[in-house]
Amino acid sequence: MKRLHLEGLDALFGALRGAGYTLIGPRLRDRAIVLDELESAAELPIGWTDREQDGGHYRVAARGDDARFGYVTGPQGWKRWLFPPQEVLLRARRLGQGMRIEAATVEAPRRAFIGVRACDLAAIAVQDRVFVHDPGYQARRAACFIVAVNCTEAGGTCFCVSQGSGPRAGAGFDLALTELCGDGQHRFLVEAGSQVGATLLDTLDAVEATAADHEALEAGLARARGQMGRRIEHEGLAAALREHLDHPYWQKVGERCLGCANCTLVCPTCFCAEVEDRMSLDGSEAERVRHWDSCFNLEHSYVVGGTVRTSTAARYRQWLTHKLAHWETQFGVSGCTGCGRCITACPVGIDITAEAAALRQA
Amino acid sequence: MSTAAADPGLWLPRPYRVSRCKRELSDTFTLELLPADGEAMPAFRPGQFNMLYAFGLGEVPISISGDPDAIGPLVHTIRAVGPVTEAMRALQPADEIGVRGPFGSHWPVADAEGMDLVIVAGGVGLAPLRPAIYHALRHRRRYGRVCVFYGARTPDDILFKTELKRWRGEFDMLVEVTVDRATRDWAGKVGVVTRLVEGGGYDPLHTVALMCGPEVMMRYTSRALEARGVARERMYLSLERNMKCAVGLCGHCQFGPHFVCKDGPVFRLDAIESLLAVDEL
Amino acid sequence: MGDIVRIHQMLGEHPFLGELPESVLETLAGCASNCMFAADSIIFRDGQPAQHFYLLRYGTVSLEIRSPGREALLIDTLYDGDVLGWSWLLPPYRWNMDAHAMTVVRALAFDAACLRSKAEADPALGYELYRRFVPVMGRRLMAARMQLADLYARPVKACR
């Protein structure tokens with residue numbers, strides 16, 4: 001483990017830009033921590049936090065210090081950069097009675113993701129499995145450099161500990177930072193997680209971390225763990241969900257759920273997509289576009305003649321059972337990484353941890 | 001990060017040229033297709049489907065209705081029920097459509113060797129079963145008794161009528177057809193397809209049953225088969241769900257833990273029967 | 001006398017009456033007679049008193065509903081080994097459909113009034129008859145419900 005001083009962050013940004021990466025990271029916009037293109041470390045949400053989160057509730061506030069990564073999880077995950085909300089898959093041109101169909105060119109710019117939390121690293125690993133054969137996803141994924149940031153504080157809706165995904169970044173990063181600024185010495189601990197990361201780290205003015213640094217890191221992680229007020233108990237949960245498909249409890253959740261699809265849009269692992277074909281006005285050219293869909297949309301389960309899941313209860317059941325039971329069967333991992341975004345983004349405050357607990361005991 | 005598993009052709013339909021269009025019923029037609037580039041076609045197994053692309057309008061999953069062992073065009077029998085399939089009905093020879101596939105699981109025709117084969121179809125559900133029937137006819141001696149039980153709405157809705165007659169006449173095969181309603185010019189059976197199943201003609205203890213039709217029809221058919229003594233683990237059925245990708249990426253066809261596009265469309269009954277009982281799954 | 005013996009034997013061979021005790025067969029034989037219908041003839045008509053039921057030995061019978069200005073609608077077809085008619089069991093003992101012999105039909109006809117009075121006097125006989133008729137009625141009701149569902153109809157998008 002190495003240690004970088006505060007200015008080392010600028011050097012890291014510079015080195016990544018020098019290596020041809022576009023930087024994507026957090027900034028404060030519209031009273032939220034959002035992910036956006038960054039030019040320099042000065043654009044980070046310095047001194048801001050968004051740890052005040054609860055069911056249907058999100059507030060940013062000044063921290064009273066100048067922490068660069070003092071926020072927790074903003075409303076967006078990283079999936080939009082790997083699995084864009086809209087993507088052209090192919091283009092077709094009419095040739096007489098025939099057609100020529102070509103795969104759309106995949107744009108896969110070199111991007112560095114700055115500030116990926118452990119829960120979101122896990123989410124990227126989940127989508128790596130889902131999209132294992134998808135050419136666009138894989139090309140974009142291969143072109144990205146990941147700078148993770150360990151969490152030394154938890155947000156109000158975080159529960160990564162119970163999902164085994166955080167608060168420490170375990171794998172899947174090129175570099176992992178830990179920001180330490182509470183003791184008057186603003187510094188970053190840096191760990192390389194890949195050869196590319198190690199090579200880049202060698203170019204920075206980093207020194208060996210001290211025993212005190214290690215202790216501060218452990219203390220920070222322990223603080224984050226201790227702050228998490230929610231958890232999902234997994235013992236018997238998947239089996240209970242599979243067995244209780246007809247339980248009246250779904251109706252109770254269905255009565256609260258607005259079917260707005262916010263949870264699926266903010267979820268960093270949700271991957272449902274609609275595929276839409278479009279034609280030019282003269283009928284000579286066509287394209288196929290994939291865009292994000294949600295199992296909360298009525299059309300999602302459309303079959304000839306009608307919709308299978310007409311009730312909100314059935315659609316919520318689809319989402320929750322997929323996330324917490326069927327995902328494991330399909331991809332060998334849970335569909336939930338404990339980021340808590342679905343709780344924060346739910347207008348009526350439906351809490352996945354509470355619903356899971358209720359159904360587990362149902 | 002390795003991209004070795006990425007498939008650049010995952011989303012890419014291949015243009016096929018219509019070589020023949022045949023009207024089957026008032027709303028159902030068969031297309032015979034050959035690759036526009038003249039190259040070889042991929043092999044398929046009975047029960048598998050392709051994604052068929054109508055230029056600029058969209059893709060639909062359609063099961064293959066031709067003979068898996070024949071050298072010849074790719075055959076699809078399609079019911080016109082929406083804009084894409086309506087557009088396909090208007091196709092003429094030499095027109096092109098895009099084809100992706102084949103996808104999905106298949107009828108267990110190899111596992112059923114040595115057994116009686118009971119094939120129960122309802123409505124256009126006969127089309128996905130026709131490749132299995134062709135297979136059974138081609139390898140007739142590998143099976144015990146072969147029964148085709150087919151239910152249609154009216155005599156005018158009987159798919160592959162000429163072939164049903166030929167199968168009944170030429171081969172050692174029990175072919176029974178029934179319709180839900182008829183007038184006196186119909187000399188055949190009136191009643192539901194489960195009655196045909198109840199009528200026997202096979203050895204329940206040594207039978208593999210393949211079913212395709214509306215889910216309700218398959219539900220009652222499986223009960224009738226079970227009442228005769230056919231074990232649920234020897235019954236197979238084909239499901240239909242919304243599909244946009246056919247490769248487990250779009251999420252639409254989920255049925256409990258299953259992706260109908262890649263774990264199905266053909267399922268063994270005992271693997272999904274508890275899910276079939278759940279409303280709005 | 002030879003006729004009675006012959007009928008008794010035919011009763012024993014018919015699948016509907018399989019495994020009946022000899023004594024019950026004897027009683028039934030007393031109410032049964034052999035009958036034949038020409039192809040394209042009417043066996044009974046909707047509204048007529050249900051004075052018989054039939055065990056089909058050979059041929060095809062269609063159950064039909066007539067309505068003015070329309071061709072007869074075939075609801076069900078029955079074959080060798082099937083039983084035709086259950087309205088004789090339930091008041092007011094009238095047929096609810098037409099039975100049409102599509103081919104030459106040979107059957108055993110049972111005198112309904114005779115059987116009803118014997119069943120009244122002998123609950124064991126009555127039980128045997130009901131035990132055999134109820135599953136037939138159940139199967140036909142189920143079939144009618146499935147037909148009502150019109151499963152193979154062109155799907156219509158549900159209006160919401």
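Residues numbered from 1 in each chain as written. Chains lettered and ligands numbered in written order. Predicted model: local features only at pLDDT ≥ 70, side-chain atom pairs only at ≥ 80, totals over all residues. Heavy atoms only, no water.

(A) Looking closely at the interface of chain A and chain B. Listed by partner, the interface residues are 57 residues for chain A and 45 residues for chain B. Of the roughly 4,200 Å² buried between chain A and chain B on both sides combined, carbon and sulfur atoms contribute 61%. Across the chain A-chain B interface, the total number found is two salt bridges. As a salt-bridge pair, Glu274 of chain A and Lys244 of chain B come within 3.1 Å of each other at their nearest N and O atoms. Summed over the shared surface of chain A and chain B, the number is 24 residue pairs in polar contact (both at pLDDT 80 or more). Counting residues per element, the ones that place at least two in the side of chain A that touches chain B are strand S6 (86-95), strand S7 (98-103), helix H3 (118-130), helix H4 (135-142), strand S13 (273-279), strand S14 (285-292), strand S15 (302-303) and helix H11 (312-331) of chain A. By residue number, the principal contributor to the side of chain A that touches chain B is H11 of chain A, which donates eight residues. (Contact = heavy atoms within 4.5 Å. Buried area = accessible area lost by both parts, 1.4 Å probe. Salt bridge = Lys/Arg side-chain N within 4 Å of Asp/Glu carboxyl O. Polar contact = N/O pair within 3.5 Å; in protein donor to acceptor, adjacent residues only side chain to side chain. Helix = DSSP H or I, 4+ residues; strand = E, 2+ residues; numbered from the N terminus.)

(B) Region of the structure containing the sheet that holds strand S1 (residues 32-37) of chain C. The strand order across the open sheet built from four strands is S1-S8-S3-S6 (chain C), with neighbouring strands paired in antiparallel fashion. The outermost strands of the open sheet, each flanked by one partner alone, are S1 and strand S6 (83-84) of chain C. (Pairing = 2+ DSSP bridges.)

(C) Examining the domain arrangement of chain B more closely. All names here are of chain B. The domain architecture assigned to chain B consists of domain 1 (14-103) and domain 2 (116-237). For domain 1 and domain 2, the distance between their C-alpha centroids amounts to 24 Å. On the side of domain 2, 15 residues touch domain 1, which itself brings 18 residues to the contact. Summing the contributions of domain 1 and of domain 2, the shared interface buries around 1,200 Å²; its carbon and sulfur component is 61%. Summed over the three residues of domain 1 that lose the most area to domain 2, namely Leu25, Ser65 and Asp69, the buried surface amounts to 36% of that side. At the junction of domain 1 and domain 2, the tally comes to two salt bridges. A salt bridge links Asp67 to Arg138; its shortest N-O distance comes to 2.8 Å. Of all the secondary structure elements, the ones that give two or more residues to the side of domain 1 that touches domain 2 are strand S1 (14-25), strand S2 (28-35) and strand S5 (74-79). With three residues, S5 is the largest single contributor of residues to the side of domain 1 that touches domain 2. (Domains from an automatic or database assignment.)

(D) Summary view of the UniProt feature "binding site: [2Fe-2S] cluster" (unreviewed entry) in chain B. Mapped onto the present numbering, the UniProt feature "binding site: [2Fe-2S] cluster" (unreviewed entry) falls at Cys245, Cys250, Cys253 and Cys261 of chain B. A compact arrangement is adopted by the annotated residues: their sequence extent is 17 residues, whereas the largest C-alpha distance between any two is 10.2 Å. Structurally, Cys245 of chain B is set in the loop between strand S12 (235-238) and strand S13 (254-255). Judged by relative accessible area, which is 1%, Cys245 of chain B ranks as buried. On the secondary structure map, Cys250 of chain B appears in the loop between S12 and S13. Take Cys250 of chain B: its relative accessible area is 3%, and that puts it in the buried class. Apart from the residues within four sequence positions on either side, Cys250 of chain B is in contact with Cys272 and Ala273 of chain A together with Lys244 and Cys245 of chain B. (UniProt positions renumbered as here; feature names shortened; annotations may be inferred. Buried < 20%, exposed > 50% of the residue type's maximum accessible area, 1.4 Å probe, protein only.)

(E) Structural detail: the environment of Thr178 of chain A. Residue and element names in this part refer to chain A. With respect to the helices, strands and loops of the structure, Thr178 is situated in strand S10 (residues 175-180). For Thr178, a relative accessible area of 1% gives the class buried. Sequence-wise, Thr178 and Leu189 are eleven residues apart; in three dimensions their C-alpha atoms are separated by 5.0 Å. When near neighbours in sequence (up to four residues on either side) are disregarded, Thr178 contacts Asn150, Thr152, Arg187, Phe188, Leu189 and Leu217. For Thr178, the side chain forms a polar contact with the side chain of Asn150, separated by 2.9 Å.

(F) Expanded view of H11 of chain A. Residues and elements named next belong to chain A. Along its length, H11 reaches its greatest deviation from straightness, about 55°, at His322. When you tally the buried positions in H11, you get 17 out of 20 residues, the bulk of the element. Two residues or fewer past H11, Gly332 is found with a positive phi of approximately 75°. (Bend = angle between axes of the 7 residues up to and from the residue.)

(G) Inspection of the sheet that holds S12 of chain B at higher detail. Residue and element names in this part refer to chain B. Within the open sheet, the seven strands sit side by side as S10-S9-S8-S7-S11-S12-S15. Their pairing is mixed. Edge strands, defined here as strands with exactly one partner in the open sheet, are strand S10 (189-190) and strand S15 (266-268). As defined by bridge partners, strand S7 (residues 116-122) adjoins strand S11 (residues 207-212) across six bridges and the pair is classed as parallel. In the sheet register, Leu117 faces S11, and the bridge partner there is Val208. Contacts between helix H2 (residues 126-138) and the sheet are confined to S7, strand S8 (146-152) and S11, with S7 contributing the most and set at about 155° to the helix. In the packing of helix H5 (residues 215-228) onto the sheet, contacts are made with S7, S11 and S12, and the angle to S11 comes to roughly 165°. (Axes fitted to C-alpha atoms, helices over the stretch in contact; angles between N-to-C directions.)

(H) Just the UniProt feature "domain: Cyclic nucleotide-binding" (unreviewed entry) in chain C, in detail. Under the UniProt annotation, "domain: Cyclic nucleotide-binding" (unreviewed entry) lies at residues 16-85 of chain C. Secondary structure within residues 16-85 of chain C divides into 11% helix and 43% strand; the distance between the first and last C-alpha atoms comes to 13 Å.

(I) Layout of the interface of chain C and chain B. Contact with chain C, which involves 26 residues of that partner, is made by 30 residues of chain B. Across the interface of chain C and chain B, roughly 2,400 Å² is buried in total on both sides, 56% from carbon and sulfur atoms. Taken as a group, Met146, Tyr152 and Arg154 of chain C account for 31% of the area that chain C buries against chain B, more than any other trio of residues on that side. For the interface between chain C and chain B, the tally reads five salt bridges. One salt bridge in this structure joins Glu198 of chain B and Arg139 of chain C, with 3.8 Å as the shortest N-O distance. Those elements that place two or more of their residues in the side of chain C that touches chain B are strand S5 (73-78) and helix H4 (123-149) of chain C. With six residues, S5 of chain C is the single largest residue contributor to the side of chain C that touches chain B. In the side of chain C that touches chain B, the residues fall into 15 nonpolar, three polar and eight charged. (Nonpolar A, V, L, I, M, F, W, Y, C, P; charged D, E, K, R; others polar.)

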